[in-house]
Structure formats: structure tokens, C-alpha cells
Amino acid sequence: MKTTISLSETLPKRTLVKRLYGSNINQTLEGKRDGLENLSKIIIYVCHLTLVKMLILCICVMTMAGLTDAFKPNSGLDDDSAMYSHAKITEEALDIVAATFLTSTDQVTTTRTTEYDFVIKSHFGEDGNSYKKYKTRARQFASAVSAVYKTYKSDPDYTVNSERIREAHALVQETRLEIGTLLSGTLTVHDVSVLIQKIAKCLLIIQSFYSSTNWVEMNGADPYSDFGSPATQDLMQLASSHDKTCSSCDDSSSALRQSSCNNNLLVHDRLTSGYWYGQTHSPKPSAGSGETDGKCSHGGLWDSGKDTPATGGINKATTDPDVSPHYHLHQQAAEAAVQATVEFFIHQTSGILTDISNHAISRLIGLDQLNLTPSLGFVIDVSGSMGDDITAVKSSVTRKVNDARTSGVMPGKYVLATFSDPEGLTTVRSTTDGDEMVKWLEELSVGGGGDCPEYAMSGLLAAIGLSEINSRIFLATDADAKDPTLSGTVMSAATTKGVKVEFLLTGSCSRYRRDISLRQKRDLASFQTIADGTGGAVFRIGSSELSTVLDELLEENFTPTTGSIVPSSTAVVDFFIQTLSESDSIDIYVDSEASSVVISIAGPFSLTEATLTDPSGTVETFSTGNATRYYGSYTVTMTIQNPTPGAWVLTRTINRQWEVNVTMSTTLDIDYQLIETDDSGIHYVSDRNPIEGNNYTLAVIAYNLDSSSTSFVVNLLDEDGSVRYNTTIYIMFEASKTVGYTAITVPSTNFYVQFSGIDQNGFQFERMVGTLVIPVTVDLFVRPIFGNLAVGTPQDIIYTLSNFGSAAGTYTVTIVDDKGRALYPVSRDHNVNSGDNVTENFQLSSATELEQITYTVSVTSLRSSIVLQSTTYTAMVTGPFCTSLMTSTVCREANTGGTNCSSFTWSATAVFSYDIWVYVVDDDVTVTIDTVDKKRLHINGTCCVANFTVNASPTTGSGCQVTQLVAGVTMSTSQSVVNDESSGKADEDDKYLTVDTGTNIGMIAGILVGVGVIVLAVTGLLKYVTRKKDGGNSDAVIEFEEDAHADTSQRTVFDPNQLNPKALEAMFTAPPPQATTLSLGYTDMEQDNEKTRRQLFEKYWN
């Protein structure tokens, strides 16, 4: 029986288990006894303290309530469920962005457009794996915001406290330039990783604006679109250093609950924010003697600055009045933050996604994993005669993977197996990344296999082993099978998993080799038998036809058609080891959401050693197509299609030790997060191995869980599958996710997380996460890089190694990176006493602008290969950044290029990360340099011009190119060095970035020299446009001398060549998925897709 147990107990395994939901009384009482013992010790100790010490203790206890100077980064176990954290704001906003994008581009057609999760689920259909990947991507964004908060929580430029509103606005603008540059081209895996972190930096600041400033008090839940926008040069009026912004108010707990501070603001026509005591700079100015008015405080129990005039505070970060004096406005602040986050992505003119392709949007926010086939396998003969055939396979697969970048529809997983002679040369591997699959194909080489027959069945069996249910495999060979005796095993394995096998035969031993036996001639029949039995086919073709035939066959796996989506939703249900001393009967719970169940049993010597009984008590005979089983390598695999819900019983007929894995095809699945709480009571999602004996909050995230399900329980299973601990858990069905929280103390043994309950039809369900949690006694915190790497300047990678074990230990810390940029030494040994820590550093250095470096810092015990902790970040080297955005509505097809196109105009702004020294433009547009900010170009044109391209460079170093499509199509930016006239020309190879403008090519030339009146005069000349009449194509270059311009903010001008890496953002990388996702390009983007992209913003914002 499975019962509720303590961490020190072991459940008597899994024999005919019956869950005892809610039976946690023993553990609960035990926990209360422990708590009372600890409390009594504290009371005894406190009695020995002096009055002063007791007061200090009280202050410390109050501080533990949860210090925050913005929205909390994450929710915890005891937080108000109505409270919005940065994570909740981010995830809800991303759901709105994703759903709006899908409906406005007609990828989902529904009248339920504001039911955002419904829209997203409709997009993925039965593809639960891809829906889970989308939700994981949303959590990556949320975790990145939390990580930036953890690094910058004491910097008011990030939390928008201390009236640092202009500085926060500028930080977002500067980061937007970097984001625009990264979004300019095909997004690689590293691009997406860096983008998530840079976007997270912006989101933290934008969201904090609404909890920290008085915007909500003046404007309610409406977002402030100008804040952080690259197009904005002047914010609304800000309170001056002399303005008294708040009056003192009674911030006692009882008074706050009576609205004592609700009306403490003195300014209602300008922006201000509260000062929080303890930030790294910008302390609260002192009020005059006897004054009750002054600068606003942030407020809350731990803000000691709230006790100086003006007392009280204005923050809206939580729903707790003791923490947030303006708690009554928390919901409005959260609503404004959600809408501002949405606008950051899809505002009709300034959203970062406004002018990029559909597939790039899908790739970034996680909508590009729509799977037609759960897995797609290739089994390839790599013997010496297969050279031309492998080239054809490479060509076809590469072409289809590249096409998938545009469609966003692809297999859930790729499997590649190779075979030759001898059998030991058989290899197999799998990935979810199409680019990695192409790379593997490119690396294939041929050799061996001189006696014609090859080990085809061995390769095919290996591929089936890694394939998902209802998948497809292509086998390419020019020889017969040398191992036809395995054909029965192959057939059984394929039919059990529902795998269709297609054979592409470009030869056989009888057709191309001489002196073959009669047996070898018959071996070709095994291919036909397997194809017939799995619903596949055998194609006997020449090498020259291979590519054409494979293209046609692959079309089914990469092209969506009505009803073509095959569910790709595999969930792990259970895992356990059944020892010799345990009962021979085991319950397997099948719930209403399961469309198939696969039971894999390692240990039997034959099929007859395992039987399966359905819930009605009938023994399964496996005589129908819905129930199959096969035996191979001491493993029995059973598959039941459309199983009857209820408790099935698995029985062993001979007493051997078994290892049992149970998986299901189902959209109901789970994930989890371990949340740690710091000394100030703030919760952070842990991205490292947990520390033995430490307390964590376990968050269980459920996907597609019916809201009428009940009786939820969390189990921690050890490596044998025994329940080491269980507890009931309350599940909250929120707008953006379904989640529950429970407190756990991390055991000393490895464990799995399992979640169970009763589904909507009364059947028990079980789901588990297949990743083993490994508790350790050592922690490794790697400090993120603050901003981008300076070119050619070594950057410290600082880490802190802590020993939480009971004895001293010697450890080795190592750094590796993908570009070879780590400087010597790349490893260090440390002897750390129990309870101590040591801080050291490595260094990275690169001379390549805009290079991205992915590096990993890890720790092992001395002379051990077992990694105890590991952290991976991606950092970018600084360089020229730029972006462009429309400042007026783009041209529509009706007024683009027609006879009256000159009657319609548009305007745009290009923003660069440096003062512009020279620029080149070759389109019929008017360009002016901003008279105040030399980093800006203002471009105007008529709808006769569908796009423009501007190259701009600083006085020294490389520049940046901005291309803006103004007729409802895409925009891109790319790095460019402007050293000659040709560098400003549009790339003629890119058909979507070039428009035929005939003989009317506009040129603009001007020279800006000096200051004052000369600047204004020459700037006026820039509006003069000359038209070429001879059809030539020369570029005009504008140069002017460097000139100081007004900077009312008194901020340091952003200059990437003088970038201080410690003054900008932290670079974080979320834990990598099992395999990387596809890189998506947009060279072949269709204009009608872009037309619907524009409809997205019209529909949502108009």
C-alpha cells in the first residue's frame, strides 16, 4: 500500500497501490511537533536577550516578510493568489501576444479571440508536446525577468525608484537597439537565448514603472506607450529635484487598512516615484526641519526611509498594505504592466515584433514547434557504394528543414541511424533540432561493406527504439539485409509503436553484385514484408531518382493539411523497479486523457513472463490491432491503443527483477519548478541542483488539466520508483497557467517528481517528470556579465563556491565556451571548509564585434567527472546597434505604387547606438538628422516608395544598416561597415528587401559642420532631394563634424566603443532544452503573409 510517509521512511513499493488522498495527518502532526520544538528553543533564547537585542530581532523578523522594491519576481507558497508578480505579468502578456498573433494572421479562426489559452491550444491541437514547449518558453521569459531582478533589485534605474524615470527610460531604449539588431536576421538558438535576456531586462523596467511611479494614480490601468519606446525623445513632465511630491501619512498597519495613505501624493500632472532606503545610489533627499511634505517614499515595513518626511509611501507592488501603501491600486498597476508588456511586443508602430516575419515571431515566442509527425527517422546505409545516395538524402532533408523554417510545421523529433558491415558499426541518435539533424547528415561518411549485404535490420531496429508512437522511418540502401532473421523483431517493434517504414532501394545484391547466394536474393523480401505490415512501401529506384521520390514522401511530414496533425503528446506516467521480494502484481493507472499506453518491461526472458489485465478483469491476448507486444533484448514492450480507463494489472509469471516504464499518448502532462527564498523573503526559481536539507517551494505546473479534476497529490519517487514522500497540493487554475505550490525539504537521495489525482471522469491519473533531481551539498553561483563584452577587453566571470556539507571538500571549477574565448586558466581547484565559501573568477575576451559566446561554468569534486553544479550563459560582444520603426501608419496595398501613391505619405525614425558621422541612402526619401540627438535619423517618403535602406557610421569603427519596408512588409537591420559608396546599396539577392524603383532613385547629401546656426542651416538643406534623370545609381554621402548636442538628462551618452560592461545588463541563459530548436529565416517570406501580419496590429490596437 502507498501511504503518507516522512522523508526518512520508505514505502513498501507499488503493489496494488491505492492512493490515500488527504491522509497526511501523521506527517502534518510530526511537522507541527518539530515546529513547536524549534519555537520553544527560540523563546528560551529570546528570554536571554536584552531589550535592544529583542528589538533588533523583531526588525529582522519583519524583514523576512519579503523585501521588494518592485513587483515580486515570483509568487510563493503563502502569497495572495490575487497578487501579480513579474512572472505572472510576463506569462499573461505572452499569452495575449501569442493568441492575438495567431488569430490576426488567420492561423487560428475562432470567435473566442479573448480566451487566449484556448486560442493557443487550438493552434497546437492534439500536439501537447508543442503546447508544453510554448509554455516552457513563456516561463523562460518569466525566469529571465526574475534573474534580472535578482541582479539589479537595488538599482533604481531598473526598479524605477528614486525618481530615476528618465534613466530607466534610456536603459530600455538602448537595449531596444540591441534587440532590433538581433531581430534583423535569421534567429539562431544563441540569438533567441540572448534576445530573451535582453527582452527580460526591458520588461523588468517597464513593468516596475507601474508599481513604482505615480502613473497609475494619474492614468489608471492605461499603459504609457512612450516609456521605453525608441521613438520617444521627451517623456511627459517629470518632477524636479525641488518639487515636494508627497505629504506624510500614517503608515501603521491599521491605518493603512483604513486608506490613510491613499491620497498622499501632491503632484498629479508630472511623474514621480518613491525613494527606497538601501539602494545603491540616489538616496532620498532630506526634508527641511519641521516639514511634513517632501519626496515620496517607496514604503513598506523594511523601507526605513519611509519614516522621514514625507512618511508613508506609494508603491503598488503587492496586495499587502504592510508592504505596499498603495496596495489598493495593485490590480490597476498589474493590468497596466500586462498591457505595456503586450505593447512592447506588438504595438502597432513601436512593438519589437511589428516589422519582422511571422516565422521569426513564432520562433521567438515558441509557436514554431507544430508537429505533423511525432518523430521522423532516417536509416541510412553508409557502406562505400552509397556516396551519391547519401548526397541526395542530405539535399532533400536539408531542403525540407529549411522550408520548415517558414511554415513552422515540422516533426517533433528527428532520428538518424546508420548501418554498414559489421553490425558493430550501427549508430543511432535523436534530436528535436532540424539544424542539428542536417549537421549530422553533413558529417556522414561512407566506407566498408564490400560483401554486399549490410546490417539493415540492425539499423532499423535501433531507429524504432528512439522513435515516438505513430511515427515514420525512411530506410535508404543499395543492398539487401544481412540480418533478415531480425525482421520479425523489427516488425513487432514497429507495429507496437505504430511506426510506418518506407524503403528506398537504389540497388540490391542481385542487381548490382555478382556471385550472390539464393538466400541473399530472398532477403530483399524482408523489406517488402515490413513495409506491408506497417503501412509503408518499397520504392525500387535509381540513384538519380532518390531525391525526387524522397521530396514527395517528405512533403507529407512537413506540409499541414486539414486533419493531418498526428498527436505528438507523450507523457511519462510511472517508473519503478519491482524486486524479487515484492508482489508479482502491479497496478497501472490509465485515465480518461490517454489515447494509448506503452509499458516497457526490462528483465523478462520471454513474452510469456508478463501478462496484462484490463479494468474488467479480462487478460489481454494482444490479438487485435489495438493491442500489440514484442520481445527483444530481454525487454517486453506492450502497447494498448484507446485503452479503457481504470486500473490495469501487470503481472509477472516468473519471479525476476523488473524495471518498468509507463508512458502515454496524452495532452495531460506536468512540469515543475523548485523555488528558493532568499534572506529577505523574495522567491526565485532555482536553475541549479538543490541543496540537501534546504527548504524549497515545489511548484507543479499542469498542462491541459481539466478544472473539474480533484484530489491532487505530489509524490517524490526515489531512483527505484518508491514513494519517499507525498503530500496533498492545492491547484490554482489561473489565466496563464495551472499551478500548485507545496513546501518540501530536499532529501539526501535523488528523486523524481510525480503528480496524481482524480480526473474529470473519476479515474485516477499519474504523471511524472522524467528528469532526475540530484541534491548536492555544494552550490556554485556564477555572477552574470553586466552588459555586453567590450571588444578586446578581458571580462571577469566571477563565481562563488559554497560548501554546505558536513566536512571540508576539494572541488574543481571549470569554464568552457563555444568560441574558445576563455583565457587561461580555465580551471581552478578549491579546498572549502564546511559552511564556508570562496569567490574567484575566470576571464573571457573577444575581438569580434557582435559575437555571441556561450560559456558554461561547472564544479566537480576533485578528480571526479560527476558535475555537481553547472551554469550556462550566453554573452554578446558589443558592436554597432540600430533599429528602425514607423512613426506613422504604413502604406496599404491600395495606395502603394499606384497612380495616386504620391498623395499618401509615411514617416519613420532610425535610431543608432552612436552619433552619426556619415550616412548613405539610395531611395527616393527625405532624411533629416535630429537637431538634438545625433543618434537619430528621421525619414519621410510617399507610398510610391515601398522601402528604404540607410547605412550610418560613427567617426571611427563599423556602422549599422537599417532597412525598413513601409508597405506592410518586413523590416530588417544588419551590421554594415560604411567605408565606400557601394556599402549603402540594397542587397540585390534579397528579393524581399529590394524594390525596383526604375530611374527615380533619390539621393540626399549634406555636410554638417560646426555648431549652433550652422547646424540648423545645414540640417535644413538635408530636406532637399534631387532626382536622377539619367538612370544612374550613384550614392550621396553626408559627412559632418562631431558636435556636442543638448542632453537634458545629464546622462552619459551611450557609446559602444566606450561601453562599461558593469553598467549594463546581466546575461542569463535558461537551462537548455533536450535539443535545440530550429533556426528560422525569412528570405522566402510571402507578401500575403506580411499583409496578415499588419492585420494583427490593426485588429488589436484599433
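Everything quoted here is computed from the prediction, not taken from an experiment.

Thresholds, definitions, all that
- Residues numbered from 1 in each chain as written.
- Predicted model: local features only at pLDDT ≥ 70, side-chain atom pairs only at ≥ 80, totals over all residues.
- Heavy atoms only, no water.
- Helix = DSSP H or I, 4+ residues; strand = E, 2+ residues; numbered from the N terminus.
- Buried < 20%, exposed > 50% of the residue type's maximum accessible area, 1.4 Å probe, protein only.
- Contact = heavy atoms within 4.5 Å.
- Areas by Shrake-Rupley, 256 points an atom, 1.4 Å probe, with all protein chains shown as cover.
- Pairing = 2+ DSSP bridges.
- Polar contact = N/O pair within 3.5 Å; in protein donor to acceptor, adjacent residues only side chain to side chain.
- Disulfide = S-S within 2.5 Å.
- Salt bridge = Lys/Arg side-chain N within 4 Å of Asp/Glu carboxyl O.
- Axes fitted to C-alpha atoms, helices over the stretch in contact; angles between N-to-C directions.
- Core = buried A, V, L, I, M, F, W, Y, C linked by side-chain atoms within 4.5 Å.
- Arc of directions from axis to C-beta.
- pLDDT = per-residue confidence, 0-100.
- Parallel < 35°, antiparallel > 145°, perpendicular 65-115°, else oblique.
- Left-handed = near helix turned anticlockwise from the far one by under 90°.
- Nonpolar A, V, L, I, M, F, W, Y, C, P; charged D, E, K, R; others polar.

Asker: I'm lost on the overall build of the protein in this one. Help?
Answerer: What the protein contains, in helices and strands, is 21 helices and 44 strands. Counting the 1102 residues in the protein, one finds 57% classified as buried. When contacts within the protein are restricted to residue pairs at least 6 apart in sequence, those whose partners lie at least 24 apart make up 75%. When the accessible surface of the protein is summed, it comes to about 42,700 Å², and 51% of that surface belongs to carbon and sulfur atoms.

Asker: What is the right way to look at the pairing of strand β35 (residues 918-921) in this model?
Answerer: What you see with β35 is no split at all: Val918 and Val920 on one side and Tyr919 and Val921 on the other are buried throughout. As paired strands, β35 and strand β38 (residues 947-953) are joined by four bridges and run antiparallel to one another. Across the sheet, residue Val920 finds its bridge partner in β38, namely Asn951.

Asker: Can you walk me through the side chain of Lys201 in this structure?
Answerer: Among the structural elements, Lys201 can be located in helix α8 (residues 189-212). A relative accessible area of 1% places Lys201 in the buried class. Side chain to side chain, Lys201 and Thr175 meet in a polar contact 3.2 Å long.

Asker: What is the right way to read the state of the cysteines from this model?
Answerer: Throughout this description, disulfide means a covalent bond between two cysteine sulfur atoms. This model, assessed by the stated rule, comprises four disulfides. Two residues, Cys249 and Cys261, share a disulfide whose sulfurs are 2.0 Å apart. Classification of the bridge connecting Cys249 and Cys261 rests on its S-S torsion, roughly 95°, and on that basis the disulfide is right-handed. One end of the pair, Cys249, is in the loop between β1 (246-247) and α10 (253-256); the other, Cys261, is in the loop between α10 and β2 (293-294), and 12 residues separate them in sequence.

Asker: Help me understand the pattern of salt bridges, please; the structure alone is not making it clear to me.
Answerer: Any two side chains of opposite charge can pair, so long as their charged atoms come close to each other. Counted according to the given criterion, the structure contains 32 salt bridges. A salt bridge links Arg821 to Glu851, with the shortest nitrogen-to-oxygen separation between them at 2.7 Å. Taken as a pair, Arg821 in the loop between β28 (809-817) and β29 (827-832) and Glu851 in the loop between β30 (837-844) and β31 (852-861) lie far apart in primary sequence, 30 residues in all. Judged by relative accessible area, Arg821 falls into the partly exposed class, the value being 24%. Taking relative accessible area as the criterion, Glu851 reaches 12% and is therefore assigned buried. The salt bridge involving Glu840 is made with Arg828; its shortest N-O contact spans 3.7 Å. With Glu840 in strand β30 and Arg828 in strand β29, this pair connects stretches of sequence that are 12 residues apart. Connected through shared salt-bridge partners, Asp95, Asp117, Lys121 and Lys135 make up one network.

Asker: What exactly am I supposed to notice about the sheet that holds strand β5 (residues 427-431) here?
Answerer: Strand pairing within a sheet occurs via backbone hydrogen bonds; the two strands may be parallel or antiparallel. Strand order in the open sheet made by the six strands is β5-β4-β3-β6-β7-β8, with mixed pairing throughout. Two strands lie at the open edges of the sheet, namely β5 and β8 (538-540), each paired on one side alone. Averaged over all adjacent pairs, the angle separating strand axes in this sheet is 15°, with direction ignored. Across six bridges, strand β6 (residues 472-477) lies against strand β7 (residues 500-505) in parallel orientation. If you follow Leu475 over to β7, its bridge partner there is Phe503.

Asker: What is the right way to read the nonpolar core from this model?
Answerer: Soluble globular proteins tend to bury their nonpolar side chains together. Ile199, Tyr210, Phe345 and Leu364 are the most contacted members of the largest nonpolar core, which totals 88 residues. The element best represented in this core is α8, accounting for 13 residues. Not counting the four nearest positions on each side in its chain, Tyr210 is found in contact with Trp215, Val216, Asp222, Pro223, Tyr224, Lys316, Ala333, Ala336, Ala337 and Ala340. By size, the runner-up hydrophobic cluster in this structure holds 48 residues, among which are Leu674, Leu780, Ile797 and Leu801.

Asker: Is there a simple way to explain helix α14 (residues 434-442) in this structure?
Answerer: What sets the pattern is the α-helix's 3.6 residues per turn: residues three or four places apart point alike. For α14, the complete set of buried residues consists of Gly434, Met437, Val438, Trp440 and Leu441. Burial along α14 is one-sided: seen end-on, the buried residues are contained in an arc of 160°.

Asker: Before we go on, may I ask you to explain the pairing of strand β36 (residues 926-929) in this structure?
Answerer: Regular strands place their side chains on alternate faces of the sheet. Where β36 meets strand β37 (residues 936-942), four bridges bridge the pair, whose relative direction is antiparallel. Pairing of Thr928 across the sheet is with His938, part of β37. The turn joining β36 and β37, which pair antiparallel and follow one another in sequence, is formed by six residues.

Asker: I keep staring at the sheet that holds strand β34 (residues 905-912) and nothing clicks. Help me out?
Answerer: If you trace the four strands from one edge of the open sheet to the other, you get β33-β34-β37-β36, paired in antiparallel fashion. Where the open sheet ends on each side, the last strands, each with one partner, are β33 (882-886) and β36. Strand-to-strand twist of the sheet, defined as the mean angle between neighbouring strand axes without regard to direction, takes the value 20°. Sheet topology note: the β33/β34 ladder contains five bridges and is antiparallel.

Asker: Just to check I follow, could you spell out the environment of Ser903 for this structure?
Answerer: Here Ser903 lies in the loop between β33 and β34. A residue is classified by how much of its surface remains accessible, and Ser903, at 57% relative accessible area, is exposed. For Ser903 and Cys943, which are 40 residues apart along the polypeptide, the C-alpha to C-alpha distance reads 7.7 Å.

Asker: How should the environment of Asp930 be read in this particular structure?
Answerer: Position of Asp930 relative to the elements: it lies in the loop between β36 and β37. With 21 residues separating them in the primary sequence, Asp930 and Thr909 have C-alpha atoms 9.6 Å apart. When neighbours within four sequence positions are excluded, Asp930 is seen to be in contact with Gln233, Arg936 and His938. From its side chain, Asp930 meets the backbone nitrogen of Val932 in a polar contact 2.8 Å long. Of the polar contacts made by the side chain of Asp930, one reaches the side chain of His938; its length is 2.8 Å.

Asker: In this structure, what is going on with the confidence of the model for the protein? I would like to understand it.
Answerer: The predicted coordinates should not be examined in detail at positions where pLDDT is low. When pLDDT is averaged across the protein, the result is 78; 76% of the residues are at 70 or more. Confidence over residues 1-66 falls short of pLDDT 50; this stretch has 104 contacts with residues more than four positions distant or in other chains. For the stretch residues 969-1102, pLDDT sits under 50, and the model shows 373 contacts to residues farther than four places along the chain or on other chains.

Asker: Any chance you could explain unusual backbone geometry here in plain terms?
Answerer: Apart from glycine, the bulk of residues carry a negative phi angle, and the bulk of peptide bonds sit in the trans form. With omega at -5°, the peptide bond leading from Pro309 into Ala310 counts as cis. Of note, Ala310 is situated in the loop between β2 and α11 (330-346). In this structure, Pro825 follows Tyr824 across a cis peptide bond, with omega equal to 0°. Positionally, Pro825 belongs in the loop between β28 and β29. In this structure, Ser282 is a non-glycine residue whose phi angle is positive, near 60°. Of note, Ser282 is situated in the loop between α10 and β2. Within the chain, Ser711 stands out as a residue other than glycine whose phi angle is a positive 55°.

Asker: Teacher, can you tell me more about the packing of helix α3 (residues 86-104) against α8 here?
Answerer: Packed helices, taken two at a time, are described by the angle their axes make and the gap between the axes. In contact at an axis separation of 11 Å, α3 and α8 are set at 105° when each is read in the N-to-C sense. Judged by the angle between their axes, α3 and α8 are roughly perpendicular. Residues His86, Ile89 and Thr90 of α3 touch α8, and the partners they reach there are Leu203, Leu204, Gln207 and Ser208.

Asker: Mind showing me how you'd approach the environment of Lys198 here?
Answerer: Of note, Lys198 is situated in helix α8. Judged by its relative accessible area of 0%, Lys198 is buried. Along the chain, Lys198 and Glu178 lie 20 residues apart, while their C-alpha atoms are 7.9 Å from each other.

Asker: Explain the packing of α3 against helix α5 (residues 128-152) to me, please; I cannot follow it from the model alone.
Answerer: It is the contact of α3 with α5, at a shortest axis distance of 9 Å, that shows an interaxial angle of 140°. The orientation of α3 relative to α5 falls into the category oblique. Considering only the axes of α3 and α5, their crossing is right-handed. From α3, His86, Ala87, Thr90, Glu91, Leu94, Asp95 and Ala98 reach across to α5, where they touch Tyr134, Lys135, Ala138, Arg139, Phe141, Ala142, Val145 and Tyr149. When its residues are assigned to classes, the contact of α3 with α5 shows nine nonpolar, two polar and four charged.

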